[in-house]
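Each chain, letter by letter, is given below.
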Amino acid sequence: MDDRRRPIGFFDSGVGGLSVMKEALKLMPNEDYIYFGDSKNAPYGIRTVDEVRKLTFDAVDFLLRKGVKGIVIACNTATSAAVEALRMEYPNIPIVGIEPALKPAVELNKEGSILIMATSMTLKEKKFNNLMERYKDKANIIPVPCPGLVEFIEEGNFEGQEVEDYLHNKLNEYNDIEIASVVLGCTHYPFVKKTISKILGDKIDIIDGGYGTAKEIQRRLRIQNLLNDEDKEANIEIINSSNKKEVLDLSYKLLNM
Ligand code: DGL
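Figured I'd write up the structure that's included with this text. It should be emphasised that the depicted structure is a prediction, and the values quoted were computed from it without experimental measurement. The numbers attached to residues start from 1 for each chain and follow its sequence in the written order. The predicted origin of the model limits local features to residues at a pLDDT of at least 70 and limits the giving and counting of side-chain atom pairs to 80 or more, whereas totals for whole chains, interfaces and linings rest on all residues. Hydrogens and water molecules were not included; the side-chain quantities draw on all heavy atoms of the structure.

1. Describing the packing of helix 1 (residues 18–27) against helix 11 (residues 245–255)
In helix packing, the relevant descriptors are the interaxial angle and the interaxial distance, both defined with respect to the helix axes.
At step 1: What counts as an axis is a line fitted to C-alpha atoms, over the stretch in contact for a helix, and the angles between N-to-C directions run from 0 to 180 degrees. In this text, helices come from DSSP runs of H or I with a minimum length of four residues, and strands from runs of E with a minimum of two, each type numbered from the N-terminal end. In contact at an axis separation of 9 Å, helix 1 and helix 11 are set at 45° when each is read in the N-to-C sense. The pairing of helix 1 with helix 11 is recorded here as oblique in orientation. Along this stretch, helix 1 crosses helix 11, giving a crossing that reads as right-handed. Along its contact with helix 1, which presents L18, M21, K22 and L25, the element helix 11 presents S251, L254 and L255.
At step 2: Amino acids outside the nonpolar list (Ala, Val, Leu, Ile, Met, Phe, Trp, Tyr, Cys, Pro) and the charged list (Asp, Glu, Lys, Arg) are all regarded as polar, and Gly is one of them. A class-by-class count of the residues in the contact of helix 1 with helix 11 yields five nonpolar, one polar and one charged. Relative orientations are named as follows: roughly parallel for angles under 35 degrees, roughly antiparallel for angles over 145 degrees, roughly perpendicular for angles from 65 to 115 degrees, and oblique for any other angle. By convention the crossing between two helices is left-handed if the near helix lies anticlockwise of the far one by an angle smaller than a right angle, and right-handed if it lies clockwise. Here, two residues are considered to be in contact whenever any of their heavy atoms come within 4.5 Å of each other.

Right, dumping it as structure tokens:
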């Protein structure tokens, strides 16, 4: 088979990475996609780094066995735990990770602080600390760990009272400061963007790294002459480690949201 016709693999701890795959689909509607969500083992953010690294390697091996031509680790947590080791193990495969989109937030150059919502692991790991180091003199950056938020989204709960209460409690303590923007440093969170906007008001920019990550896999595939040149519609396969039918139903719902 022509390598250019092979699918692009996406991986996340659960359904969150679909927020990234959606952006890729808009950019590259003629590619084929295989999405693997590890909802059985989610959330990753409360596991040890070694556990997340092992789960991520297993997922990548699975996608490679399915014949993908490139892989997007559409999970900030898995990226911080494993992306460097993965690139060393598979130097010839384009592997793109995701990190909190701090750069575009800083470049907005707005008055006020930048809140970074992410899992505790993402915020603790070296990758994020390096990112903080790079921008700490340019903006006041406040990390906001959000344990428990992934679980709402995994249950298909994006707009209900419960998730609103959770976000209210989380964001309440920043009521007295000026907020320039909020960075969604977890791929699940774009699915609660409306609720965050409702709480903070629609003047605050809410930024995620989905589009930038999709552009990056496109760039990497182009460099390796792996972009599909056929004029056709995308073929999408979604696989999840949880064998609950609701999880697959939720995945397709999120993809079309
Ligand atoms: N979507 C994952 C991320 O971007 C969620 C991690 C988790 O399962 O805790 O970090």
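2. A closer look at the sheet that holds strand 6 (residues 141–145)
At step 1: Across the sheet, four strands lie side by side as 6-5-7-8; this open sheet has parallel pairing. Two strands lie at the open edges of the sheet, namely strand 6 and strand 8 (205–208), each paired on one side alone. Direction aside, the axes of adjacent strands within the sheet are offset by 25° on average.
At step 2: Think of it this way: DSSP has to see at least two bridges between two strands before they count as a pair. Two elements, strand 5 (residues 113–118) and strand 6, share five bridges in a ladder whose sense is parallel. Within strand 6, the position partnered with L115 by the bridge is I142.

3. A closer look at the pairing of strand 3 (residues 70–73)
At step 1: Buried means the residue's accessible area, taken with a 1.4 Å probe over protein chains only, is under 20% of the maximum for its type, while exposed means over 50%, and partly exposed covers the values in between. Burial of the side chains of strand 3 extends over both faces: G70 and V72 are buried on one face and I71 and I73 on the other.
At step 2: Relative to strand 3, strand 1 (residues 8–12) is paired through four bridges, and the arrangement is parallel. Residue pairing in the sheet places G9 in a bridge with I71 of strand 3.
At step 3: In this region the chain leaves strand 3, passes through helix 3 (residues 76–89) and returns to the parallel neighbour strand 4 (residues 95–96); the handedness of that crossover is right-handed. If the strands point away from the viewer and the path from the first strand over the helix to the second runs clockwise, then the crossover is right-handed.

4. Concerning the environment of M257
At step 1: By the element assignment, M257 lies in the segment after helix 11.
At step 2: With a relative accessible area of 47%, M257 lands in the partly exposed category.
At step 3: A C-alpha to C-alpha distance of 9.5 Å links M257 and S19, two positions 238 residues apart in sequence.
At step 4: Those residues in contact with M257 that sit more than four places away from it in its chain are K22, F158 and F191.

5. Points about the side chain of Q218
At step 1: Mapped onto the elements, Q218 comes out in helix 10 (residues 210–223).
At step 2: Setting aside anything within four residues of it in sequence, one finds Q218 in contact with L27, M28 and L227.

6. Some thoughts on the side chain of D12
At step 1: Inspection of the secondary structure assignment puts D12 in strand 1.
At step 2: Only four residue types enter the charge count, namely Lys and Arg as positive and Asp and Glu as negative; His and the chain termini do not. The working definition used for a salt bridge is a side-chain nitrogen of Lys or Arg within 4 Å of a carboxyl oxygen of Asp or Glu. Among buried charged residues, D12 stands out as having no salt bridge; its nearest opposite-charge side chain is R47, 12 Å away.
At step 3: If we ignore the near neighbours within four places in the chain, the residues touching D12 are G17, Y35, F36, G37, D38, A74, C75, T187 and H188.

7. Topic: the packing of aromatic side chains
Here a ring pair, both rings aromatic, is described through the centre-centre distance and the interplanar angle of the planes.
At step 1: By convention, a stacked pair of Phe, Tyr or Trp rings (six-membered ring in the case of Trp) has centres within 6.5 Å and planes under 30 degrees apart, an edge-to-face pair has planes over 60 apart, and any other such pair is tilted. On inspection of all chains with the given rule, the structure shows six aromatic pairs.
At step 2: A centroid spacing of 5.6 Å and a plane angle of 70° characterise the contact between F152 and Y166, whose relative ring orientation is edge-to-face. You can see F152 sitting in helix 7 (residues 149–154) and its partner Y166 sitting in helix 8 (residues 161–172), a full 14 residues away along the chain. The same class applies to F152 as to Y166, namely buried.

8. Section: the site of the ligand
At step 1: The environment of the ligand is formed by 13 residues, the closest being S13, Y44, G45, T77 and T187.
At step 2: Between the ligand and T187, the relevant distance is 2.8 Å, taken from a nitrogen atom to a side-chain nitrogen or oxygen of the residue.
At step 3: Surface exposure here means Shrake-Rupley accessible area, sampled with a 1.4 Å probe, where a residue is shielded only by the protein chains that are shown. Look at the ligand: alone it shows 300 Å² of surface, and the protein chains cover 99% of it.
At step 4: Tallied by class, the residues present in the shell around the ligand amount to five nonpolar, seven polar and one charged. Proximity criterion: a residue is near a molecule or strand once any of its heavy atoms comes within 4 Å of it. Polar contact is the term for a pair of N or O atoms within 3.5 Å; when the atoms are in protein, one must be able to donate a hydrogen and the other to accept it, and sequence-neighboring residues count only if both atoms are side-chain atoms.

9. Re the pattern of salt bridges
At step 1: Scanning the entire structure with this criterion turns up 20 salt bridges.
At step 2: Here E99 and K127 are joined by a salt bridge, their closest N and O atoms 2.9 Å apart. Of the two residues, E99 sits in the loop between strand 4 and helix 4 (102–107) while K127 sits in helix 6 (residues 126–135), which places them 28 residues apart along the sequence.
At step 3: Here E216 and R219 are joined by a salt bridge, their closest N and O atoms 3.0 Å apart. With E216 and R219 both in helix 10 and three residues apart, this pair spans about one turn of that helix.

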